[in-house]
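Each chain, written out:
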Amino acid sequence: MIAKTTTTTYLTQAFAQARAGTDALFGLVRPEAFYDRPVPERHRLIFYLGHLEAFDWNLITQAAAVPSFHQEFDQLFAFGIDPKPGHPPQDEPSAWPKIEEVEQYNVRVRRAIDDLCIDVSKQMLSVALEHRLMHAETFAYLLHSLSIDQKTPPVVSPSPPGPSAIPVMIEIPGGTVTLGQPRKDRYGNNQFGWDNEFESHEVSVASFAMSKYKVTNGEYLQFVRAGAKPPHFWRWRKGQWYQRSMWEEVPLPLDWPVYVTHEEASAFAVWTGKRLPTEAEFHRAAYGTVRGDEERTYPWGDDQPDRRRGNFGGNRWDPISVTATPLGDSAFGISQLVGNGWEWTSTVFQPFPGFQPLSFYPGYSARFFDGDHYVLKGASARTDPRFLRRSFRNWFRPNFPYVYAGFRCVEH
Ligand SMILES: [Fe+2]
């Protein structure tokens, strides 16, 4: 195996598990659909089949100075895309290799990496692991947009019920929040985080009120009836609204969080006389406490995440009722701040003070500091629990509709 030290054993096991997870995900796609492009601004699915291994190869073996056995694939599968609006990729399916060729490449890459007689650093192994886990989520978005007859559904458990959501605004007193994380833990060891999670710094937040629940399909329906465009995940058929869930179309569940773009979320907030929270306000609502000088690890406290606390970790493919997981409420009684859908903030994605790009992956965040990406916090049903750490930041363009992202409003 890759790692030889006991400190990396846990990571090595997690990495093997993550490989099994992404293998299972690719197994849900019918072979011919690998050459489809379900999201126009992203690569065809075949790219992702090769990308995870090419990324690991380029990252890990480069550091070990191992010569390449397939430079063409190392480059072809090296980078994803995020084109500016109006500039979708133009490649043809014929430009991509056969599935079997990619699978053979993957097998060789895995074997070569696992046979490396070096200690891969904890940081590099964490990068490979989290890169794969992030793609497991974003691949689910692509899979979601793939037509239903091009995927093989697994057994799916029904959505748990929740009491009806009565919209209520909760007052949150002002306080100081910690954004980001320190590079060293309290014992002086390096802490893993992506470049945009450093440095740790304090921001003071004035009092505000936030909705207890995420905005639901039912609330957003009023906005659509008033003339707003329906969200990407909705379908109008035979006089009725449906939600396009991962494996079927279901009559629009009014108590599920609505998934919308940043532009749609902002427009709804304005329509109701409110606004989206800033990243710092989200932190205050999620991790702050009434006492004010303590911050929690997770909204519910310091206990490790488990499925009773929220809809995350890949236990489900779709949202659940916004009221279904009260055990995950924050100190102020705000529900589902992690899980059941990322939440758009009004904060433009920018580096924290002291930002330094990763030497071996300089573009990870820096290519997105263009003023056209917004910070999302929280997690979706498909987010790995590793990303529930407080400092983790997600970001997307404001008009990208394919993300499992909803929102809640704040006022004053
Ligand atoms: Fe990637």
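Computed from a prediction, not measured in an experiment: that's the story for all the values here. (Residues numbered from 1 in each chain as written. Predicted model: local features only at pLDDT ≥ 70, side-chain atom pairs only at ≥ 80, totals over all residues. Heavy atoms only, no water.)

K.L.:
What exactly am I supposed to notice about the packing of helix 1 (residues 9–26) against helix 2 (residues 45–63) here?
P.N.:
If you want to describe how two helices pack, look at the angle between their axes and the distance between the axes. Two elements in contact, helix 1 and helix 2, have axes whose closest approach is 11 Å; the angle formed by their N-to-C orientations is 165°. Taken together, helix 1 and helix 2 sit at an angle that is classed as roughly antiparallel. Considering only the axes of helix 1 and helix 2, their crossing is left-handed. Contact residues: helix 1 offers Phe15, Arg19, Thr22 and Phe26, while helix 2 offers Tyr48, Leu49, Leu52, Glu53 and Asp56. Of the residues that constitute the contact of helix 1 with helix 2, the class distribution is 5 nonpolar, 1 polar and 3 charged. (Axes fitted to C-alpha atoms, helices over the stretch in contact; angles between N-to-C directions. Helix = DSSP H or I, 4+ residues; strand = E, 2+ residues; numbered from the N terminus. Parallel < 35°, antiparallel > 145°, perpendicular 65-115°, else oblique. Left-handed = near helix turned anticlockwise from the far one by under 90°. Contact = heavy atoms within 4.5 Å. Nonpolar A, V, L, I, M, F, W, Y, C, P; charged D, E, K, R; others polar.)

K.L.:
Would you mind going over the pattern of salt bridges with me for this structure?
P.N.:
Once the charged atoms of two side chains with opposite charge are near each other, the side chains can pair. One pass over the full model with this rule turns up 23 salt bridges. Of the charged contacts in the structure, one is a salt bridge between Glu199 and Arg183, with a shortest N-O distance of 2.5 Å. Of the two residues, Glu199 sits in the loop between strand 2 (175–179) and strand 3 (201–205) while Arg183 sits in the loop between strand 2 and strand 3, which places them 16 residues apart along the sequence. Its salt-bridge partner being Arg397, residue Asp372 comes within 2.9 Å of it at the nearest N-O pair. (Salt bridge = Lys/Arg side-chain N within 4 Å of Asp/Glu carboxyl O.)

K.L.:
Would you mind going over the environment of Ala140 with me for this structure?
P.N.:
As for its placement among the helices and strands, Ala140 is situated in helix 5 (residues 122–145). By relative accessible area, Ala140 is classed as buried at 0%. The spacing of Ala140 and Asp56 is 84 residues in sequence and 20 Å in space, taken between C-alpha atoms. Contacts of Ala140, omitting those with residues within four sequence positions, involve Met246, Arg382 and Tyr404. (Buried < 20%, exposed > 50% of the residue type's maximum accessible area, 1.4 Å probe, protein only.)

K.L.:
Explanation requested: the coordination of the iron ion in the structure shown.
P.N.:
By definition of the ideal shapes, a tetrahedral metal site with four donors has angles of 109.5 degrees and an octahedral site with six donors has angles of 90 or 180 degrees. The iron ion binds to the protein through His51 (NE2), His131 (NE2) and His135 (NE2), with metal-donor distances spanning 2.1 to 2.2 Å. Taken in chain order, the donor set of the iron ion reads H-x79-H-x3-H. Here His131 lies in helix 5 and His51 lies in helix 2, a separation of 80 residues in the sequence. (Donors = N, O, S within 2.8 Å, 3.2 Å for Na, K, Ca; no water.)

K.L.:
Please explain the packing of helix 1 against helix 5 as it appears in this structure.
P.N.:
Here helix 1 crosses helix 5 at 20°, and the two axes come no closer than 10 Å. Put simply, helix 1 runs roughly parallel to helix 5. Read as a crossing pair, helix 1 and helix 5 show a hand that is left-handed. Where helix 1 approaches helix 5, its residues Leu11, Thr12, Ala14, Phe15, Ala18, Arg19, Thr22, Leu25 and Phe26 are matched on the opposing element by Lys122, Leu125, Ser126, Ala128, Leu129, Arg132, Leu133, Ala136, Phe139 and Leu143.

K.L.:
Even after reading the chapter, I still don't get the sheet that holds strand 7 (residues 249–251), so can you show me in this structure?
P.N.:
Strand pairing in a sheet relies on backbone hydrogen bonds, with the paired strands running either antiparallel or parallel. In space, the 3 strands of this open sheet follow the order 5-6-7, with antiparallel pairing throughout. Looking at the sheet topology across the chains shown, the edges are occupied by strand 5 (234–237) and strand 7. When strand polarity is set aside, the average angle formed by the axes of neighbouring strands in this sheet is 40°. Of the strand pairs in this sheet, strand 5 and strand 6 (residues 240–244) are connected by 4 bridges, and their pairing is antiparallel. (Pairing = 2+ DSSP bridges.)

K.L.:
Hey, could you run me through the pairing of strand 4 (residues 208–211) in this one?
P.N.:
Along any regular strand, the residues point their side chains to alternate faces of the sheet. Where burial is concerned, the two faces of strand 4 agree: the one with Phe208 and Met210 and the one with Ala209 and Ser211 are both buried. Bridge count for strand 1 (residues 169–172) against strand 4 is 4 bridges, and the pairing is antiparallel. Within strand 4, the residue paired with Ile172 across the bridge is Phe208.

K.L.:
Help me out: how do you make sense of the environment of Pro299 in this one?
P.N.:
With respect to the helices and strands, Pro299 occurs in the loop between helix 8 (279–287) and strand 8 (342–348). With a relative accessible area of 0%, Pro299 lands in the buried category. Through-space distance from the C-alpha of Pro299 to that of Thr178 is 14 Å; in sequence the pair is 121 residues apart. Pro299 has contacts with Ala286, Tyr287, Gly328, Asp329, Ser330, Ala331, Leu337 and Val338, leaving out every residue within four places of it along the chain.

K.L.:
Honestly, the packing of aromatic side chains in this entry has me stumped. Any pointers?
P.N.:
For the structure on display, the rule yields 42 aromatic pairs. Measuring from ring centre to ring centre gives 6.2 Å for Phe47 and Phe77, while their planes differ by 35°; the resulting arrangement is tilted. Of this pair, Phe47 sits in helix 2 while Phe77 sits in the loop between helix 3 (71–76) and helix 4 (99–115), and the two are 30 residues apart along the sequence. Taken as a pair, Phe47 and Phe77 share a single burial class, namely buried. Every member of this aromatic cluster is reached through a ring pair, and the members are Phe26, Phe34, Phe47, Tyr48, Trp57, Phe69, Phe73, Phe77, Trp96, Tyr105 and Phe139. (Phe/Tyr/Trp six-rings, centres within 6.5 Å; stacked < 30°, edge-to-face > 60°.)

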